[in-house]
Amino acid sequence: MDETPLLIVDGANVVGSRPNGWWRDRAGAAARLRDALTPVASSGLPDRLAAPVEVVLVVEGAARGVPGTEAVRVVSAAGSGDDTVVDLVEGAPLRRRLVVTADRELRERVTALGAEVYGPRWLRDTPAGT
């Protein structure tokens, strides 16, 4: 069993949770979220998630093609971002899996697979802040 927690971020949902003009540059918004997630990999989330953490950002649509970094793996969904998140959760059944999304249907799907689910605010309300 891999002891490193797997943090899967529903990029479109998290980016879309704040009306800051993200719709004008979806790829740029996804890249900014990726960069904001970088410290989570090595530092975790204080009082919430101990480091190290494997961080995966799922992107879709116009944000496909945003490259990953050493600290954050970016997965471009071939189809539905939600289905890609579910596939990632299913692919790591023996690990602690945390999904960040506000999508109710996705929350239900991944919770049924044993993942923990948190809303975008849980991620934003940290010193790393997104």
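This text goes with the structure placed above it.
Since the model is a prediction, treat every value here as computed from it, not as a measurement. (Residues numbered from 1 in each chain as written. Predicted model: local features only at pLDDT ≥ 70, side-chain atom pairs only at ≥ 80, totals over all residues. Heavy atoms only, no water.)

As for the overall build of the protein chain
Looking only at helices and strands, the protein chain has five helices and five strands in total. Reading the secondary structure of the protein chain in the N-to-C direction produces β-α-α-β-β-α-β-α-β-α. Burial statistics for the protein chain: of 130 residues in total, 45% are counted as buried. Within the protein chain, counting contacts between residues at least 6 apart in sequence, those at least 24 apart form 56% of the total. Summing over all exposed atoms, the protein chain offers an accessible surface of approximately 6,500 Å²; the carbon and sulfur share of this is 49%. (Helix = DSSP H or I, 4+ residues; strand = E, 2+ residues; numbered from the N terminus. Buried < 20%, exposed > 50% of the residue type's maximum accessible area, 1.4 Å probe, protein only. Contact = heavy atoms within 4.5 Å. Areas by Shrake-Rupley, 256 points an atom, 1.4 Å probe, with all protein chains shown as cover.)

Quick word on the pattern of salt bridges
Applying the stated criterion across every chain yields a total of five salt bridges. Residues Arg34 and Asp35 are paired through a salt bridge, measuring 2.9 Å at the closest nitrogen-oxygen approach. Taking relative accessible area as the criterion, Arg34 reaches 11% and is therefore assigned buried. Between Asp83 and Arg109 there is a salt bridge, and its shortest N-O distance comes to 3.0 Å. Remark: Arg109 occurs in helix α4 (residues 104-112) and Asp83 occurs in helix α3 (residues 81-90); sequence separation between them is 26 residues. Among the charged side chains, a salt-bridge network with shared partners connects Glu54, Arg73 and Arg95. (Salt bridge = Lys/Arg side-chain N within 4 Å of Asp/Glu carboxyl O.)

Considerations on helix α2 (residues 26-43)
Spanning 18 residues, α2 covers 27 Å between terminal C-alpha atoms, matching the ideal 26 Å at 1.5 Å per step. Its maximal kink placed at Ala36, α2 deviates by approximately 25°, while the proline Pro39 follows within four residues. Within the span of α2, buried status applies to Gly28, Ala29, Ala30, Ala31, Leu33, Arg34, Ala36, Leu37, Val40 and Ala41. (Expected span 1.5 Å × (residues − 1). Bend = angle between axes of the 7 residues up to and from the residue.)

Section: the pairing of strand β2 (residues 54-59)
When you tally the buried positions in β2, you get five out of six residues, the bulk of the element. Note that strand β1 (residues 6-10) and β2 share five bridges and pair parallel. Bridging across to β2, Leu7 finds its partner in Val55. Here five bridges tie β2 to strand β3 (residues 72-76), and the two strands are oriented parallel to one another. Opposite Val55, over in β3, you have Val72 as the bridge partner. (Pairing = 2+ DSSP bridges.)

Some words on the side chain of Arg97
Among the secondary structure elements, Arg97 is positioned in strand β4 (residues 97-100). The buried charged residue Arg97 lacks any salt bridge, with Glu116 as its nearest oppositely charged partner at 8.2 Å. Residues in contact with Arg97, not counting those within four places in the same chain, are Leu6, Val89, Ala92, Leu113, Gly114, Ala115 and Glu116. (Lys, Arg positive; Asp, Glu negative; His and termini not counted.)

Digging into the side chain of Asp82
Inspection of the secondary structure assignment puts Asp82 in helix α3. In this structure, Asp82 is buried with no salt-bridge partner, the nearest side chain bearing the opposite charge being Arg109 at 5.1 Å. When neighbours within four sequence positions are excluded, Asp82 is seen to be in contact with Asp10, Asp103, Leu106 and Arg109.

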